[in-house]
Amino acid sequence: MKHVVTALFWAAALQAQVPYERIANAHKEPGNWLTYSGNYAGHRHSPLTELTPANVGGLKVKWAYQFDLNRAETSPIVEGGIMYISAPNKAAALDLKTGRVIWNWERPIPSDYQSIGFGRVNRGPAILGDKLYVATLDCYLVALDLKTGQQRWAAQVDDYKPGYSLTLAPLAIRDKVLVGVSGGEAGIRGYVDAYDAQSGKRVWRFHAIPGPGEPGHETWAGDSWKTGGASTWVTGAYDPELNLVYWGIGNPGPDWNGDSRKGDNLYTCSFVALDGDTGKLKWHFQFTPHDTHDWDSTHVPMLVDAELRGRQRKLIVNPNRNAFYYALDRTTGEFLAGRAYAKQTWAKGLDDKGRPILIPGMDPSEEGTLVWPSLNGATVWFSPSYSPQTKLVYVATREVGSTYYKREAQYKPGTFFAGGGETRIPEKEQWGAIRALEVATGKMAWEFRLVTPPWSGVLSTGGGLVFSGSNEGNIFALDAKTGKPLWDFQGGGPVMANPISFQIDGKQHVAVAAGRTLYVFGL
Amino acid sequence: MWSVLLFAGGLAWGQSPHEAVPDVTLGKRIFDSQCAVCHGQGGTGGRGPALTKPKLAKAPDEESLRRAIAQGIPPEMPGSWQLSVREVASVARYVVGLGQVAPEKLPGDAQHGRAVFQAKGCGGCHLVAGQGTARGPDLSAIGAKRNGAHLRASITQPAAHLAEDYLLVEVVSAGKTVRGVRLAEDPFTLQLRDGAGALHSFRKSQVQRWRHLPAESSMPAFARNLSATELDDLVAWLASLRGEQQ
């Protein structure tokens, strides 16, 4: 009998701690935070209701964790009384009650590694089964034992030397772990990869630039497709019912000089819908054809069910870097609605297929061309949020224009392949806001003004709150219905991270990093 | 690695002097296509810091700048193994020029300009080489940053040429109006220093109103207080301040 009990014990221990079904039903356990965006739909919304406009003013720091780097951008995973965090080539497990370190993991960054066109950052880990998954700057996807942080496997995604890198939080679905690559300023050819969660073997790769013979290849002049960019550096979303993975694709390269890559340059600046089992393209929608302003569409896609044009629909929505808000049918990719949500001077509007109607003369030039938004766009990688209660999309918005310059671009592996740059308008003319947009139309419901253009993600909660941060170090809560400020805390460093919410001992908490410090707040 | 050896040893440098003659035009071309991605066209800043300063914090002289370009500055700035010694030197020479106004021939008498500066009480608000009152911008290296025309206009119409970080703000709180230079501001709070040098810190939600005064300067306009000769002399002296002497 004793043997049977022991055997049962071990069988239970060997079973997956966090099976896929738990992540797919993350809303049923709001005390945890099981995937980058809180759910597969990309909402970054916590259903927890303990914190409300009435009591959020009493929020206090419960503990803090300091990273040994200048800026933390991690979006933690919370499960089973443990918070899992990441940093460039590092991961750690923290006791959720105290912030004390349970284990640390590190993979040395090679001395000749270079980040070409982005900071040395890591935006979070992923959890599935009995493993934690971390993507590294030197282009490995690593699986760690949840309990000890010991390495189970490390899969080489690519060679970092020509400019490939991984900064994103992986997306773990069913039995696979998905990653995308950074390097859009280095002449890479981007892709989305899926790896077997158990073995680390690659299951499929979707090339974000079609190769010879594939549909869309004709949208690239000559050999430009080989070095055309199309990075995939922000975590996607997943619809378990449709078994479709949605992923945002980055800018074409060279960024600001499009002469050598005439054509629409598919699938840059697009959302793609991929079959979860095979990686096969189901549909694509290109926000900015033949982009020359570095307006990556590497955003977290938001999957929303809402009424539009008279009927209930499965939508995918996105406030895009190019300053337009889009609502598409997520089964077919059909464009349904769109409008500008921030200042833009490059398009008269969108046509009935969602294609921008260009204003002539807005491309970068030798002498410089002033265009809104700047190359960082009306919003960038940090997450927007969707609240099913208010039916509003919350997005940290940047109001910045830039003079764009076009310069020569020569491809040399492992160097910048950008073809120009920008000069932003003076700092005193730049500003930002947290904006609330109606989900079906993108029409602004309210805004909370910020002194400078933000770099922080947004979290909404079931108690009717919106959390975000400022460059000046403020971490704050707004009323989700009105945008009225209700609570703020000076975190001592710029907020360049995504907030999350979870429970400690049944009490709701909120965590976000400011500068090098991760703060955990509770009542 | 070779760049480290090259620059640290100085041997290769010394052996091929012709290869290392910097060419500013070449430097600009390389900068525009490879450095401006982060530092902005003309070095105005972006993802990377602005380079339009007389002295760069991490590369205060041309040699250290060459080293920084070749080796990079970890963790954010990549090195440039792809550039030749001459190309690196050319970029460095171009970047040095970005932060410095070339010396120009100006009409006034610089020595007399120093007396004008003292007589008009400019030191009551400005430091020069550590002397004076630290209220307005430090002018010790102003000649390297601003040309004669700009200096002249800043003296006669200060509000039209407001120095960075000297925005005037006005706050009405508890029935009292406070004006001063903005020291810091975030969405929730505002810190300013008034004309008497006192610090005020406000929560925006607790004041009656507050506003920026972008068209005003705390510096008085000297258009009518200086003769044409005095103005020429003062400008000539300020233009001679390049942060080196004293």
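Participant: Can you explain the overall build of chain A? Please cite residues and give values.
Facilitator: On a plain count of helices and strands, chain A comes out with 2 helices and 38 strands. A burial count over chain A gives 59% of its 523 residues as buried. The contacts in chain A between residues at least 6 apart in sequence include a share of 60% that link residues at least 24 apart.

Participant: Outline the overall build of chain B, supporting the account with residue identities and numerical values.
Facilitator: Secondary structure summary: chain B contains 9 helices and 7 strands in total. With the C-alpha coordinates of chain B rotated into their principal frame, the extents come out at 70 × 50 × 25 Å. By the burial criterion, 31% of the 246 residues in chain B qualify as buried. Of the contacts made within chain B by residues no fewer than 6 positions apart, 62% connect residues no fewer than 24 positions apart.

Participant: So what's going on with the packing of helix α6 (residues 110-119) of chain B against helix α9 (residues 228-240) of chain B? Residues and values would help.
Facilitator: Residues and elements named next belong to chain B. Between α6 and α9, the shortest axis-to-axis distance is 7 Å and the interhelical angle comes to 100°. The angle between α6 and α9 falls in the class roughly perpendicular. Taking contact as the criterion, the partners of A110, H112, G113, R114, V116 and F117 in α6 are, on α9, E230, D233, L234, A236, W237, L238 and S240. Residue composition of the contact of α6 with α9, by class: 7 nonpolar, 3 polar and 3 charged.

Participant: Could you give an account of the interface of chain A and chain B, naming the residues involved and the relevant values?
Facilitator: On the chain B side, the residues contacting the 30 residues of chain A number 21 residues. Elements with a minimum of two residues in the side of chain A that touches chain B: β29 (420-424), β31 (444-450) and β35 (485-490) of chain A. The dominant element in the side of chain A that touches chain B, judged by the number of residues it contributes, is β29 of chain A, at 5 residues. When grouped by side-chain class, the residues that make up the side of chain A that touches chain B number 8 nonpolar, 11 polar and 11 charged.

Participant: Lay out helix α3 (residues 24-39) of chain B with the relevant residues and their values.
Facilitator: A turn of α-helix holds 3.6 residues, and therefore any two residues three or four places apart point the same way. Taking 1.5 Å as the rise per residue, α3 of chain B with 16 residues should run 22 Å; its terminal C-alpha atoms sit only 17 Å apart, a clear shortfall. The largest bend in α3 of chain B amounts to roughly 50° and is located at D32 of chain B. Of all 16 residues that make up α3 of chain B, 12 are buried, and the element is covered over most of its length. Where α3 of chain B is concerned, the buried positions are G27, K28, I30, F31, D32, S33, Q34, C35, A36, V37, C38 and H39 of chain B. Packed against the buried residues of α3 of chain B are β28 (402-406) and β29 of chain A together with α5 (85-98) of chain B.

Participant: Break down the environment of A194 of chain A for me, citing the residues and quoting the values.
Facilitator: Residues and elements named next belong to chain A. Take A194: it is sitting in strand β13 (residues 191-196). The buried category is assigned to A194, around which 24 C-beta atoms lie within 10 Å. Separated by 97 residues in the primary sequence, A194 and K97 have C-alpha atoms spaced 34 Å apart. Once residues lying within four places of it in the same chain are set aside, the contact partners of A194 are K176, L178, V203, W204 and G279.

Participant: Outline the domain arrangement of chain B, supporting the account with residue identities and numerical values.
Facilitator: Considered domain by domain, chain B is made up of domain 1 (2-98), domain 2 (110-162 + 219-240) and domain 3 (168-213). Centre-to-centre, using C-alpha coordinates, domain 2 of chain B lies 27 Å away from domain 3 of chain B.

Participant: Describe in detail the pairing of β28 of chain A, supporting the description with residues and values.
Facilitator: Residues and elements named next belong to chain A. Of all the 5 residues making up β28, 5 are buried; the element is thus mostly covered by neighbouring parts of the structure. Alternating residues of β28 divide into S402, Y404 and K406 and T403 and Y405, and every residue in both groups is buried. Note that strand β25 (residues 369-371) and β28 share 3 bridges and pair antiparallel. Bridging across to β28, T369 finds its partner in Y404. Of the strand pairs in this sheet, β28 and β29 are connected by 5 bridges, and their pairing is antiparallel. Paired with Y405 across the two strands is G421, which belongs to β29.

Participant: Kindly report on the nonpolar core, identifying the contributing residues and their values.
Facilitator: The tendency in soluble globular proteins is for nonpolar side chains to be buried as a group. Within the largest apolar cluster, 176 residues are counted, with the highest numbers of intra-cluster contacts made by A172 and V512 of chain A. The element best represented in this core is α5 of chain B, accounting for 7 residues. Sequence-distant contacts of A172 of chain A, defined by excluding residues within four places in its chain, comprise I23, A126, I127, L128, Y133, V177 and A197 of chain A. Within the second largest apolar cluster, 17 residues are counted, among which are L106, L231, L234 and A236 of chain B.

Participant: Give a detailed account of the sheet that holds strand β27 (residues 392-399) of chain A, specifying residues and quantitative values.
Facilitator: Residue and element names in this part refer to chain A. Reading across the sheet, the 4 strands line up as β26-β27-β30-β31 and stay open at both edges, with antiparallel pairing between neighbours. In this open sheet, the two edge strands, each paired with only one partner strand, are β26 (385-387) and β31. Neighbour-to-neighbour, the strand axes of this sheet turn through a mean angle of 25°, independent of strand direction. As paired strands, β26 and β27 are joined by 3 bridges and run antiparallel to one another. Paired with S385 across the two strands is Y394, which belongs to β27.

Participant: An account of the sheet that holds β13 of chain A is needed here, citing residue identities and associated values.
Facilitator: All names here are of chain A. Here we have 4 strands laid out as an open sheet, ordered β11-β12-β13-β14, and antiparallel in their pairing. The sheet is open, and its two borders are formed by β11 (171-173) and β14 (202-207), each paired with just one other strand. On average, each strand axis in the sheet is tilted by 20° relative to the strand beside it, whichever way the strands run. Relative to strand β12 (residues 176-180), β11 runs antiparallel, the two being bridged by 3 bridges. Bridge pairing in β12 links I173 to K176.

Participant: How would you explain the pairing of β35 of chain A if you had to name every residue and give the values?
Facilitator: Residue and element names in this part refer to chain A. Summarising the sheet, strand β34 (residues 474-479) and β35 pair through 5 bridges and their orientation is antiparallel. Pairing of L478 across the sheet is with P485, part of β35. What sits between β34 and β35 in their antiparallel hairpin is a turn of 5 residues, with G483 showing a positive phi close to 85°.

Participant: Give a detailed account of the packing of α3 of chain B against α5 of chain B, specifying residues and quantitative values.
Facilitator: All names here are of chain B. Put simply, α3 and α5 touch, their axes get as near as 7 Å, and they point 90° apart. Here α3 lies roughly perpendicular to α5, going by the angle between them. Contacts from V24, L26, G27, K28, I30, F31 and C35 in α3 reach E87, S90, V91, R93, Y94, V95 and G97 in α5. Counted by class, the contact of α3 with α5 contains 8 nonpolar, 3 polar and 3 charged residues.

Participant: Pulling in residues and values, what's your account of unusual backbone geometry?
Facilitator: In terms of backbone geometry, most residues other than glycine have negative phi values and most peptide bonds are trans. All names here are of chain A. Of note, the amide linkage connecting G253 to P254 takes the cis form, showing an omega dihedral of 0°. Tracing the backbone shows P254 in the loop between β16 (244-248) and β17 (270-275). Backbone torsion omega between L266 and Y267 reads -5°, so that peptide bond is classified as cis. Mapped onto the elements of the fold, Y267 is located in the loop between β16 and β17.

Participant: A description of the confidence of the model for chain A should follow, citing residues and the corresponding values.
Facilitator: On average, residues of chain A score 95 in pLDDT, and 97% of them are at 70 or above. In the model, residues 10-14 of chain A has pLDDT below 50 throughout and makes 0 contacts with residues more than four positions away in sequence or in other chains.

Rules used in this analysis
Residues numbered from 1 in each chain as written. Chains lettered and ligands numbered in written order. Predicted model: local features only at pLDDT ≥ 70, side-chain atom pairs only at ≥ 80, totals over all residues. Helix = DSSP H or I, 4+ residues; strand = E, 2+ residues; numbered from the N terminus. Buried ≥ 20, exposed ≤ 12 C-beta atoms within 10 Å, placed from the backbone. Contact = placed C-beta atoms within 7 Å. Axes fitted to C-alpha atoms, helices over the stretch in contact; angles between N-to-C directions. Parallel < 35°, antiparallel > 145°, perpendicular 65-115°, else oblique. Nonpolar A, V, L, I, M, F, W, Y, C, P; charged D, E, K, R; others polar. Expected span 1.5 Å × (residues − 1). Bend = angle between axes of the 7 residues up to and from the residue. Domains from an automatic or database assignment. Pairing = 2+ DSSP bridges. Core = buried A, V, L, I, M, F, W, Y, C linked by C-beta atoms within 7 Å. pLDDT = per-residue confidence, 0-100.

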